[in-house]
Amino acid sequence: MNVVRVQIIAGHRLMADSLAHRLAHENDLLVLPHRSPEELLNGPPGPRADTAIIDASSTSEIWPRLVELLAGANDTRVVLLSDVDDAGEALVAARQGVGAWLPSRTRAHEIADAIRAVAAGHTLYPSDLLGPVLDGLREDVRLASSARVDDGPLADLTEREREVLGCLIDGAQSGEIARELDMAPNTVRTHTNRIFRKLGAHSRLEAVRIARHAGLIPRSDSHPSGRGPSSINLSSRTDER
């Protein structure tokens, strides 16, 4: 049995002790001594946790600093408990690598399930926040990819040629590209030939290889982790811990 070491970080000691008491009944979770946000930021390093639970409601605006410290220095996965049902805040958390975003009143056994999932490499966000979070992460990847493309061998391509090249990377055939981009098949061939000429490529395969090397990615890979956050149904998880 793999034991997950858990650290609870909260501004309210009573809340931390109550949750620690309930999680102590889980045989595969080892709850480490509570640390306040101030102790974590300013105190000496403590035992390394596999997963940390941060109570965002009692850590106010400093929870992003706590996440950065834990995930960056210790490679600790983070479960965030929050009273805020805000897609912008959830996107900030996802960008920083927060593994799970749960309502503060989620029950202890459900928090334990989230801890196990996060420790196994999964990502959990409520269904009503999942869409905006994924959209924001995809836009981050698109912008990063565009920045790489603008400085590389794809810089001479027009925006339309880049769209065609993106379809080629996805493995689309000429007819599929024509339908998706709403252009005539002859226009697709014209763009494809121009792409080959500008890249110095002699085939679709070579053009795709050059594009991938330059940083253009398949749209199916548009989530940075390769596996996007999954949705969890938390509509009934509002009981007291």
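Structure's up top.
Computed from a prediction, not measured in an experiment: that's the story for all the values here.

Where do I start with the overall build of the protein chain in this structure?
Helix and strand content of the protein chain: 11 helices and seven strands. Burial analysis of the protein chain (241 residues in total) assigns 44% to the buried set. When contacts within the protein chain are restricted to residue pairs at least 6 apart in sequence, those whose partners lie at least 24 apart make up 72%. Here the protein chain displays about 12600 Å² of accessible surface, and carbon together with sulfur accounts for 49% of that area.

Even after reading the chapter, I still don't get helix α9 (residues 174–181), so can you show me in this structure?
The complete set of buried residues in α9 reads I177, A178 and L181. Projection of α9 onto a plane perpendicular to its axis shows the buried side chains occupying an angular sector of 100°, all on one side. Close packing links the buried residues of α9 with α8 (159–169) and α10 (185–199). Among the residues trailing α9, D182 stands out with phi positive, at a value near 55°.

Just checking my understanding: could you explain the environment of R162 for this structure?
Relative to the assigned elements, R162 resides in helix α8. With relative accessibility at 17%, the residue R162 sits in the buried group. Expressed as a C-alpha distance, the spacing of R162 and L216, which sit 54 residues apart in the sequence, is 9.1 Å.

What am I meant to see in the side chain of D55 here?
The residue D55 is located in strand β3 (residues 51–55) in this model. A distance of 2.9 Å separates polar atoms of two side chains, one belonging to D55 and the other to S57. When near neighbours in sequence (up to four residues on either side) are disregarded, D55 contacts I9, A10, M15, L81 and S104.

Got a minute to help me understand the pattern of salt bridges in this structure?
Close approach of charged atoms allows side chains of opposite charge to pair. A complete count under the given rule lists 10 salt bridges for this structure. One salt bridge connects R48 with D50, and the closest N-O pair in it is separated by 3.0 Å. A salt bridge links K198 to E161, with the shortest nitrogen-to-oxygen separation between them at 2.8 Å. Of this pair, K198 sits in helix α10 while E161 sits in helix α8, placing them 37 residues apart in sequence. Using a relative accessible area of 34% as the deciding quantity, one classes K198 as partly exposed. One salt-bridge network, held together by shared partners, links E26, D28, D113 and R116.

What is the right way to read the packing of aromatic side chains from this model?
By convention here, two paired aromatic rings are described through the distance between centres and the angle between planes. Going through the model one piece at a time under the given rule, you end up with one aromatic pair. Aromatic pair W63 and W101: ring centres 6.5 Å apart, planes at 80°, arrangement edge-to-face. Of this pair, W63 sits in helix α4 (residues 63–73) while W101 sits in strand β5 (residues 100–103); the two residues are 38 residues apart in sequence, bridging distant segments of the chain. For the pair W63 and W101, a shared accessibility class is recorded, and that class is buried.

Would you mind going over the pairing of strand β4 (residues 77–82) with me for this structure?
Side-chain positions along a regular strand alternate between the two faces of the sheet. In terms of residue burial, β4 counts as a mostly covered element, since five of its six residues are buried. Sheet topology note: the β4/β5 ladder contains four bridges and is parallel. Residue L80 lies in a different strand from β5, and its bridge partner there is W101. On the question of chirality, the crossover connecting β4 to the parallel β5 by way of helix α5 (residues 87–95) is right-handed.

Please clarify how the pairing of strand β1 (residues 4–9) should be interpreted in this entry.
Among the six residues in β1, five count as buried, and that is most of the element. Across three bridges, β1 lies against strand β2 (residues 29–31) in parallel orientation. Bridging across to β2, R5 finds its partner in L30. Viewed along the sheet, the connection from β1 through helix α1 (residues 13–23) into β2 turns out right-handed. Note: β1 against β3, four bridges, orientation parallel. The partner of V6 across the bridge, within β3, is T51.

Basis of the calculations
Residues numbered from 1 in each chain as written. Predicted model: local features only at pLDDT ≥ 70, side-chain atom pairs only at ≥ 80, totals over all residues. Heavy atoms only, no water. Helix = DSSP H or I, 4+ residues; strand = E, 2+ residues; numbered from the N terminus. Buried < 20%, exposed > 50% of the residue type's maximum accessible area, 1.4 Å probe, protein only. Contact = heavy atoms within 4.5 Å. Areas by Shrake-Rupley, 256 points an atom, 1.4 Å probe, with all protein chains shown as cover. Arc of directions from axis to C-beta. Polar contact = N/O pair within 3.5 Å; in protein donor to acceptor, adjacent residues only side chain to side chain. Salt bridge = Lys/Arg side-chain N within 4 Å of Asp/Glu carboxyl O. Phe/Tyr/Trp six-rings, centres within 6.5 Å; stacked < 30°, edge-to-face > 60°. Pairing = 2+ DSSP bridges. Right-handed = clockwise from strand over helix to strand, strands pointing away.

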